[in-house]
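Here are the chains, one letter per residue:
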Amino acid sequence: MKEYRHIFFDLDNTLWDFESNSRDMLLELFEKHDLQKLGIPSFEFFHEKYVERNIMMWEQYRHNKIDKETLRGKRFEFTFWDMGLDPELVPAGLSHDYSMAGPKRSKLFPHAKETLQYLSAKYKLHILSNGFEEVQHVKLQSSGIHHFFENIITSDKAGYKKPDLKIFEHALKAASAQLSEVIMIGDGLEVDIAGARDAGWDTVFFNPLKLQHEQKATYEINGLEELKKIL
Ligand SMILES: [Mg+2]
């Protein structure tokens, strides 16, 4: 068995409950900007279309087909287009409100804090995220877990995105860690698990929805509290 010294966590949908935080934020903005008046039948419809478009644009961003500004600035325009509405109807300030206030949401997955508390006594903890540099720091601060992490590595700042081998090499160097000492915990089968495994790291697949899959991870958990049994 390997002697782990460094634990790298993905952030979105691993510690920070992205889906729930994003939904709450969108509901608040749906009401604030009175989007129903513009011809959107319901919040559920808006939310479904936004999520579809956001996932699509993040994939395009990950494959370097669009840049950060396009992703952040145009996702509501495209969502309006997808709903059959004129993109010019997107209220001024909607995108800005979402980008500014969204990361201040603080919902974490159950047992996140106590598990980090436990792990931080035994290991050095780090974040390895494909998110935006300034945004991820805000999420960590507002959810009260920033202080647990020695290094916060974002692809945005590193210049490479998971699953690129180079970002895992970059992370090892930043933490002054050896391959035999590291383990990656994340919810992304391709970016976190296959990416880290291909770089020679051990992995923990965080699978709260108990999805069926074919990827090989060193460990698999359905809740963060299970990390205490492994590490
Ligand atoms: Mg994730």
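None of these values were measured; they are calculated from a predicted model.

1. Quick notes on the overall build of the protein
Phase 1: Of the regular secondary structure elements, the protein holds 10 helices and six strands.
Phase 2: Over its C-alpha atoms the protein spans a radius of gyration of 18 Å, differing by no more than 12% from the 17 Å that the globule rule assigns to 231 residues.
Phase 3: Expressed as lengths along the three principal axes of its C-alpha atoms, the size of the protein is roughly 60 × 35 × 35 Å.
Phase 4: Put simply, the protein has 231 residues, and 51% of those count as buried.
Phase 5: A fraction of 64% describes how many contacts in the protein between residues 6 or more apart in sequence connect residues 24 or more apart.
Phase 6: Of the accessible surface of the protein, which amounts to about 11500 Å², a share of 51% is contributed by carbon and sulfur atoms.
Phase 7: Side-chain charges of the protein comprise 30 positive and 37 negative groups, with the mean position of each set lying 3 Å from the other.

2. Re the layout of surface pockets
Phase 1: Counted as a void, the largest pocket has a volume near 1300 Å³.
Phase 2: Put simply, the parts of the chain that give the lining of the largest pocket at least two residues each are α1 (18-32), α2 (43-62), α3 (68-82), α4 (94-101), α6 (133-142), α9 (189-198) and β5 (202-206).
Phase 3: Counting residues per element, the lining of the largest pocket draws most heavily on α2, at nine residues.
Phase 4: Class assignment for the residues of the lining of the largest pocket results in 19 nonpolar, 13 polar and 14 charged.
Phase 5: Among the domains, domain 1 (6-17 + 108-230) and domain 2 (18-104) are the pair contributing at least three residues each to the lining of the largest pocket.

3. Brief notes about the domain arrangement of the protein
Phase 1: Domain annotation for the protein reports domain 1 (6-17 + 108-230) and domain 2 (18-104).
Phase 2: Relative to domain 2, the C-alpha centre of domain 1 lies at a distance of 26 Å.
Phase 3: In this complex, domain 1 contributes 18 residues to the contact, which on the side of domain 2 involves 14 residues.
Phase 4: Summed over both sides, the interface of domain 1 with domain 2 buries roughly 1500 Å², with 54% coming from carbon and sulfur.
Phase 5: Considering only the side of domain 1, the residues that lose the most area to domain 2 are Asp-17, Phe-132 and Lys-161, jointly responsible for 40% of the buried surface there.
Phase 6: In this structure, Lys-68 and Asp-156 form a salt bridge, with 2.9 Å as the shortest nitrogen-oxygen distance.
Phase 7: Applying the counting criterion to the domain 1 and domain 2 interface returns 13 residue pairs in polar contact (both at pLDDT 80 or more).
Phase 8: At five residues, the largest contribution of residues to the side of domain 1 that touches domain 2 is made by α6.
Phase 9: Of the residues assigned to the side of domain 1 that touches domain 2, the class counts are six nonpolar, four polar and eight charged.

About the cut-offs
- Residues numbered from 1 in each chain as written.
- Predicted model: local features only at pLDDT ≥ 70, side-chain atom pairs only at ≥ 80, totals over all residues.
- Heavy atoms only, no water.
- Helix = DSSP H or I, 4+ residues; strand = E, 2+ residues; numbered from the N terminus.
- Rg over C-alpha atoms; globule rule 2.2 N^0.38 Å.
- Buried < 20%, exposed > 50% of the residue type's maximum accessible area, 1.4 Å probe, protein only.
- Contact = heavy atoms within 4.5 Å.
- Areas by Shrake-Rupley, 256 points an atom, 1.4 Å probe, with all protein chains shown as cover.
- Lys, Arg positive; Asp, Glu negative; His and termini not counted.
- Charge placed at Lys NZ, Arg CZ, Asp CG, Glu CD.
- 1 Å grid on protein atoms, 1.4 Å probe; cavity = no way out; pocket = protein on both sides within 12 Å on 5 of 7 lines; lining within 4 Å.
- Points joined across faces, edges and corners; volume = space filled by probe spheres on them.
- Nonpolar A, V, L, I, M, F, W, Y, C, P; charged D, E, K, R; others polar.
- Domains from an automatic or database assignment.
- Buried area = accessible area lost by both parts, 1.4 Å probe.
- Salt bridge = Lys/Arg side-chain N within 4 Å of Asp/Glu carboxyl O.
- Polar contact = N/O pair within 3.5 Å; in protein donor to acceptor, adjacent residues only side chain to side chain.

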